[in-house]
Each structure stands twice: as structure tokens, then as C-alpha cells.
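Architecture at a glance
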Amino acid sequence: MDVLNIEDIQIDSNAAVPLKTVFSQKALAGDLKVGTVVIPPGKRVPLTGVSNHKENEYSIIVKGSIVTETKGRTYRVSSGDATFIPAGQEHIAYNDSNEDCEIVWVLVG
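As the structure is a computational prediction, the values presented were derived from the model and not from experiment.

If you add up the space inside the largest pocket, you get close to 370 Å³. Around the largest pocket, the lining comprises 20 residues; the ones closest to its centre are Val45, Glu57, Ser59, His91 and Ala93. Contributions of two or more residues to the lining of the largest pocket are made by β2 (32–39), β4 (56–63), β5 (65–70), β7 (81–85), β8 (91–94) and β9 (101–108).

Here it is in C-alpha cells:
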């Protein structure tokens, strides 16, 4: 899993407006899914077991924070952070805070 803070990403100096590329990867073929999720305080995703899907997962935390676990490591990701989870990597997330965590996610693969 990679975690970046959007504020730390360099602005493309050749762009007409402030443009930041969060993640970049060549995609030869496959599907694209884009969505949002709100994880309320005290909730875990998935409810039991682990998430594991065939697509690469890119997420941007819009509001709040969550804890994620993957490959024996624990991460706290918060508003302004972006994450990348490679296809096939088992992971979970849970909201241990007092506010909703809002996420925009993209699955590519």
C-alpha cells in the first residue's frame, strides 16, 4: 500500500491551471470503476474477513480518517491522503474516530 498526502504532491508547472497527478500507471486493458463510500464511526469494511479484488484500488480520503491494515502493517489515513492498493492485496479498513470518513475510490484492472 502506498499513502500520499495531496498537499505534498508537486504541481505540474506546464499545466495552464494547478494540476497534480496523484498516481500514474499504464493500463493496457481492463475495467474501470469509480465510486464513493461513507464509513460511519465504529464500522469495519468488510464486516468480516478481508477485501481482496482483482483490480488496483486508488482512493482519496475526502473527509475524516480511517485505519487500514494490509500485509501486517497498519496505516492511519486522513483527509487529504491518497492510497494505492495493488490488485490481489488483502486489506481491511475501520473507522475508529467520532466522525464519518468519506472516500472517493477507483478500481482499475
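Now for the UniProt feature "domain: Cupin type-2" (unreviewed entry) in the protein. This chain's UniProt record puts "domain: Cupin type-2" (unreviewed entry) on residues 36–106. End C-alpha atoms of residues 36–106 are separated by 9 Å, and the span's content is 0% helix alongside 58% strand.

What follows covers the pairing of β9. Where β2 and β9 come together, eight bridges link them in antiparallel fashion. In the sheet register, isoleucine 39 faces β9, and the bridge partner there is cysteine 101. Sheet topology places β4 next to β9; seven bridges connect them, and they run antiparallel. Looking at the pairing, isoleucine 60 lines up with valine 104 of β9.

Spatially, the four strands line up as an open sheet ordered β3-β8-β5-β6, and their pairing is antiparallel. Among the strands making up the open sheet, the edge pair consists of β3 (44–45) and β6 (73–78). Here β5 runs beside β6; their pairing, made up of six bridges, is antiparallel. The partner of valine 67 across the bridge, within β6, is arginine 76.

Further remarks concern the pattern of salt bridges. With the rule as written, the count across this model stands at three salt bridges. Here glutamate 55 ties to lysine 33 by a salt bridge, and the two come within 3.6 Å at their closest N and O atoms. Placement of glutamate 55 in the loop between β3 and β4 and of lysine 33 in strand β2 is noted, with a sequence separation of 22 residues between them. Note on lysine 33: relative accessible area 41%, which makes it partly exposed. For glutamate 102, the salt bridge identified is with lysine 63, shortest N-O distance 3.9 Å. Of the two residues, glutamate 102 is situated in strand β9 and lysine 63 in strand β4; the sequence distance between them amounts to 39 residues. Taking relative accessible area as the criterion, glutamate 102 reaches 29% and is therefore assigned partly exposed. Judged by its relative accessible area of 36%, lysine 63 falls in the partly exposed class.

How each quantity is defined
Residues numbered from 1 in each chain as written. Predicted model: local features only at pLDDT ≥ 70, side-chain atom pairs only at ≥ 80, totals over all residues. Heavy atoms only, no water. 1 Å grid on protein atoms, 1.4 Å probe; cavity = no way out; pocket = protein on both sides within 12 Å on 5 of 7 lines; lining within 4 Å. Points joined across faces, edges and corners; volume = space filled by probe spheres on them. Helix = DSSP H or I, 4+ residues; strand = E, 2+ residues; numbered from the N terminus. UniProt positions renumbered as here; feature names shortened; annotations may be inferred. Pairing = 2+ DSSP bridges. Salt bridge = Lys/Arg side-chain N within 4 Å of Asp/Glu carboxyl O. Buried < 20%, exposed > 50% of the residue type's maximum accessible area, 1.4 Å probe, protein only.

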